Amino acid sequence: MASASTRPMPARSADLDETWAFLNDGVDLIMTRLETGLSFPAYTNLYTTVYNYCTSTRMSGKMDGNRTGANLVGSDLYSKLSAYFVEHFKPMIQKCDSLQDIDLLRYYAAGWDRYTTGANFLNRLFTYLNRYWVKRERDEGKKTVYPIYTLALSQWRDVFFRQIQKDDRKLTTAVLRLITQQRNGESIDQGLVKKVVDSFVSLGLDNADLNKECLDVYKEHLELPFLEATEDYYKKEADSFLATNSVSDYLKKVEERLREEEDRVERYLNTKTRKELINKCDDVLIRYHSDLMWDSFQNLLDFDKDEDLQRMYALLARIPEGLEPLRKRFEIHVKKAGLTAVSKLVEAGDGGADSIDAKAYVDALLEAHRKNSEIVARSFKGEAGFAASLDKACREFVNRNAATGSSSTKSSELIAKHADMLLRKNNKMAEEGDLEAALNRVMILFKYLEDKDVFQTFYTTKLSKRLIHGVSASDESEASMISKLKEACGFEYTNKLQRMFTDMSLSKDLTDSFKERMAQNHDDMDITFSIMVLGTNFWPLNPPPHEFVIPIEIVPTYDRFQKYYQTKHSGRKLTWLWNYSKNELRTNYLNQKYILMTSSYQMAVLLQYNRNDTMSLNELVTATSITKDIMTQVLALLVKAKILINEEREQYDLNPNFKSKKIRVNLNLPIKADVKAESADVLKAVDEDRKYVIQATIVRIMKARKTMKNQGLIQEVISQISQRFAPKIPDIKKAIETLLEKEYIERVDGSKDTFAYVA
Amino acid sequence: ASTTTTINEPFSMPAAPATAHSPPPGANDPYSPARSQALFNFYADDDDSSVIGPEGYERLCTDAKIPLEGAAPLILAWQFGAKEMGRVTKDEWRKGTESLKISSLYAFSLVVRDLESLLIFGNAPEKKAKKEAYNKSAYWKYCEDKKASFRKLYTFCFVFAKPEQSRNIEMETATALWSVLLVPQYPVMSEVVEFINERLTEYKAANRDLWSMMLEFCETVDPNLSDYESDGAWPTLLDNFVLWKKGPAATGDTSTTD
């Protein structure tokens, strides 16, 4: 305070030298010894002196009318102040010459604090100058004239900062060294770094608009060298780290490093640096080593390294080209997993691919799917690309594997078979919920089936067996499965299935009403009778390929029902499916009364023994009209069950000493030939159905479009049908040929590859 | 099978011996309706005098030195507008001979030879002479657009060879027809015919579309098949032929070309 008052305040009319001499002392105090204090009167004196000088009219004679005195005289003070700063830096520069690294940074930061504080004071002190002279100068285009605070900054930059940085960028080097130390794990004075870095930011001046942030000094003196140093550092680190560590460890390291660098920006760098810094790190740490990561991916999959997979995904997701190779590898991996699972199963079984167990097959496929879909969800965040790879791979191995061989229908068959097993009474599912979950799992595989029509046909066949043999687990589960199929493939897909249930419930009513009527009209109905009337178009059942002599014992019942049905639905034709019917016979010729549960063929054979004790094969064939080959199989079962005795060739006697532990004896076991023929029948039906579906689809398309090019037509057919099965192009072309021949469509004259609908 | 052989007769049976019968009257005289009528009567069926049957047709061709093996009998039938193989009705005969002004065997053979040369072998048209042996106005018409004229003959042959109630002709008939109609101008067809004949159990019949596309194939596709579009709208038979022709594996040829 004393120093500021050594000189008296100059008079209003004082000249520049006198004025500056007074001001110089005050400025110097503010800039160098502010901590010693500046009293308010002293400050006011200084302010007034500036004001007085600027508003003095001494030179008004020289001015033209528009200009006030302050406009002109400001220039002198401005120059003096500029010159003051230059002087001010001289000892500082000298001091810096002898400083390095942290000492230099500390000195610089302390100086910066003091300097900017002082400059702020000066700025207020020279408010008048700023407000008039500086403003006018800038308005007139002199953009290198700054308000006083800015002047201070620009002088710092041009005189002091550039001098320190002149040779080897001592400040930059020092900052980068600290950052390196921090990267190496040492703790550093982050506040110091931040202060220095902030000063770099402040030193950027946009002459055109001083309020606009300008990072040119920061970029030149810090960001660029920093990015270079970063690249350098991590290049070396990555190489040496990978030389002695696993990729898994590297992934962890990179994850850590990326977090650190994000932090670094937060702590002491300008936020604008984030993008480039991260890009640089992604480049050096990830992109440069992406080949290695891609190659290690399989290993991580093989050993279920979930966390590492997550990390690898997250890191490679940062570069645009990073994930595609993983997706491809993942697809191959999943496909292999599925194929291997099935191959193992086939090898483990003794009968090869033919005797493969449906449940084991489905379980193997599901396990491959489950495991890998969990990986997608957990490690790849359910990313769409990986989900697509999973689906593609599953579609591959579900349709084509060691169990299917070259057959495109085997998988559909096995999965339908498995569904049948689930829906049967004895499925061993403890809880309703378990069954529901198992059916949902079947649907997972169903989604991947290419030949959904084959599944449909097998499923229909199996369902019909469950229903006519009364072995379905529950109506709710059946309905639930059908609604799932409907949801996946639409109403048409399950239409037949639903009609089958309708037939079942109608049949139940019909049986009841028939019984009632018979009870009224007859009193000799000692045969318990129930009937199922099944719509020919909805049930995959074929009548027996041969005649059948209806045993006289059941003829009355047969006739009565025929009549009854005709009165109810005249004009409907009943075809009796003896090959699917069953009966219960009571034995009267033995001490113990047994109930024999038989097929209708067995019944027809056994009833012959009401009138004979022994019969030859030929006699039996004649009596029943059952063909010889089926008859032999029917008899074989009866002989095996010891109901009949076959001591002489082709001669069958009733066994008078038949014994069984059970009162109810089930003789109705499937005949082998039936089982084998079933698959072949189904496939034939599918083939026929496909021809029809393709033709119908073409007609539908052509009807809507009127004319279509061959290519477009084929594509459209494929896209419309692929939901149900994958049509082959030659099959589509054959269908087109058939329709040409039948004149549903024709070739357009002059454009042979265009077809037109013939109305 | 029996129908097949009768259908094939006009162009696959060996020529009857020339000594079997004596030549008809007025063999080389100029046209007159009476002579035409006489000629018809000479070849008419013993059982039905209003029609020339297969036997008579064959004798007619033999006497006129019209070869039975090639396309000639077909051309003759085409000119008569005959409805059935090996049969010419009185009415068809009258109309045909009148418009062509022919009533001699020589004129018959001239008509057939001229058309065979022009349409089957693709030779240049005859030069116009001052006096013609028959009315050539139809011939000159054909010359104006040989391609279209051949197509007429070709299309006629399908309808002609097709049993009335059927949509198709049997494949053996079709290949026999292609051999005489297409092979002379399109050698690639001999391979197509060979291909089909080896697969008669697979290709049982030719429908109208296959028939017309076969000509299209001959007319538009390069004989070395280089411009055949396998994803085009060609009948599958041709797809399979091209596949067989191009794929060395599919030919069953054991000698591999490296």
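See the structure printed just above.
Sequence order as written defines residue numbering, which begins from 1 separately in each chain. Going through the entries in the order they are written, you letter the chains from A and number the ligands from 1. Thresholds applied to this predicted model are a pLDDT of at least 70 for local features of residues and 80 or more for the giving and counting of side-chain atom pairs; totals over whole chains, interfaces and linings are not thresholded and use all residues. The side-chain values count all of the structure's non-hydrogen atoms but skip hydrogen atoms and water molecules.

Caption draft 1: Structural context of the packing of aromatic side chains. Residues and elements named next belong to chain A. Stacked, edge-to-face and tilted labels apply to pairs of Phe, Tyr and Trp rings (six-membered ring for Trp) whose centres lie within 6.5 Å, assigned for plane angles under 30 degrees, over 60, and everything in between, in that order. Throughout the structure, instances matching the rule amount to 55 aromatic pairs over all chains. Judged by centre distance (5.8 Å) and plane angle (70 degrees), the ring pair of Tyr-313 and Phe-386 falls under edge-to-face. Here Tyr-313, found in helix α13 (residues 306-316), pairs with Phe-386, found in helix α16 (residues 384-399); they are 73 residues apart in sequence, far enough to count as distant. In this pair, the class of Tyr-313 matches that of Phe-386, namely buried. Each member of the aromatic cluster is reached from another via a ring pair, and the members are Phe-514, Phe-529, Phe-548, Tyr-558, Phe-561, Tyr-564, Tyr-565, Trp-576, Trp-578 and Tyr-601. Two limits define a charge over a ring: the Lys NZ or Arg CZ must be within 6 Å of the ring centre, and within 35 degrees of the ring normal. The side chain of Arg-124 reaches across the aromatic face of Phe-121, ending 5.1 Å from its centre. Of note, Lys-452 hangs over the ring of Phe-446, and the distance from its end group to the ring centre comes to 5.5 Å. Numbered from the N terminus, helices here are DSSP runs of H or I no shorter than four residues, and strands are runs of E no shorter than two. Buried means the residue's accessible area, taken with a 1.4 Å probe over protein chains only, is under 20% of the maximum for its type, while exposed means over 50%, and partly exposed covers the values in between.

Caption draft 2: Structural context of the environment of A:Pro670. Residue and element names in this part refer to chain A. Within the secondary structure, Pro-670 sits in the loop between β6 (664-666) and α26 (672-705). The exposure class assigned to Pro-670 is exposed, which follows from its relative accessible area of 69%. Here the alpha-carbon distance between Pro-670 and Val-605, two residues 65 residues apart in the chain, equals 16 Å.

Caption draft 3: Main features of helix α12 (residues 236-246) of chain B. B:Thr236, B:Leu237, B:Leu238, B:Asp239, B:Phe241, B:Val242 and B:Trp244 are the residues of α12(B) that are buried. Here the buried face of α12(B) lies against α28 (729-741) of chain A together with α9 (171-181), α10 (188-197) and α11 (208-220) of chain B. We call two residues in contact when some of their heavy atoms are within 4.5 Å.

Caption draft 4: Spotlight on the layout of surface pockets. Residues and elements named next belong to chain A. One number sums up the size of the second largest pocket: a volume of about 820 Å³. The biggest single contributor to the lining of the second largest pocket is α26, with seven residues. Looking at the lining of the second largest pocket, its residues break down into 14 nonpolar, eight polar and 11 charged. In the cavity and pocket records, a cavity denotes points on a 1 Å grid over the protein atoms alone where a 1.4 Å probe fits but cannot get out, a pocket denotes an open set with protein on both sides within 12 Å along at least 5 of 7 lines, and lining residues are residues with an atom within 4 Å of a point. Grid points are joined across faces, edges and corners, and a volume is the space filled by probe spheres set on the points. Under the grouping applied here, Gly and all other residues not named as nonpolar or charged are polar, the nonpolar ones being Ala, Val, Leu, Ile, Met, Phe, Trp, Tyr, Cys and Pro and the charged ones Asp, Glu, Lys and Arg.

Caption draft 5: Broad picture of the sheet that holds strand β9 (residues 751-757) of chain A. Residues and elements named next belong to chain A. A pair of strands counts as paired when DSSP detects no fewer than two bridges linking them. The three strands are arranged β7-β9-β8 in an open sheet whose pairing can be described as antiparallel. Pairing within the sheet leaves two strands with one partner each, and these edge strands are β7 (707-709) and β8 (745-748). Adjacent strand axes in the sheet meet at a mean angle of 35 degrees, parallel and antiparallel pairs treated alike. Two elements, β8 and β9, share four bridges in a ladder whose sense is antiparallel. By the bridge assignment for β9, Glu-746 is matched with Ala-756. Orientation is described by lines fitted to C-alpha atoms, with helices fitted over the stretch in contact, and by angles between N-to-C directions that extend from 0 to 180 degrees. Packed onto the sheet, helix α27 (residues 710-721) meets β7 and β9 and runs at close to 95 degrees relative to β7.

Caption draft 6: How the structure looks around the interface of chain B and chain A. The interface is formed by 14 residues belonging to chain B together with 14 residues belonging to chain A. When chain B packs against chain A, close to 1200 Å² is buried across both sides, 42% of that on carbon and sulfur atoms. Defined in terms of a 1.4 Å probe, buried area is the accessible area two parts forfeit on being brought together, summed over both. Of all residues in chain B, B:Arg167, B:Ala233 and B:Thr236 give up the largest surface area on contact with chain A, accounting jointly for 41% of the area buried on that side. Here a salt bridge means any side-chain nitrogen of Lys or Arg lying within 4 Å of a carboxyl oxygen belonging to Asp or Glu. Between chain B and chain A we count two salt bridges in total. Of all elements in the fold, only α11 and α12 of chain B reach the threshold of two or more residues within the side of chain B that touches chain A.

Caption draft 7: Structural view of the nonpolar core. Residue and element names in this part refer to chain A. Judged by nonpolar contacts, the single largest core of 154 residues is most densely connected at Phe-85, Tyr-108, Leu-122, Phe-126, Trp-156 and Phe-330. Top element by residues in this core is helix α9 (residues 216-244). It accounts for 10 residues. Those residues in contact with Phe-85 that lie beyond four places of it in its chain are Met-31, Tyr-115, Leu-122, Leu-151, Ala-152 and Gln-155. Definition of nonpolar core: a set of buried residues of the types Ala, Val, Leu, Ile, Met, Phe, Trp, Tyr and Cys, connected through side-chain atoms within 4.5 Å.

Caption draft 8: Just the state of the cysteines, in detail. Residues and elements named next belong to chain B. Cysteine sulfur atoms are paired as a disulfide whenever they fall within 2.5 Å. In this structure the tally under the stated criterion is zero disulfides over all chains. There is no disulfide at Cys-143, and the cysteine sulfur nearest it, in Cys-157, is 19 Å away. For Cys-143, a relative accessible area of 16% translates into the label buried.

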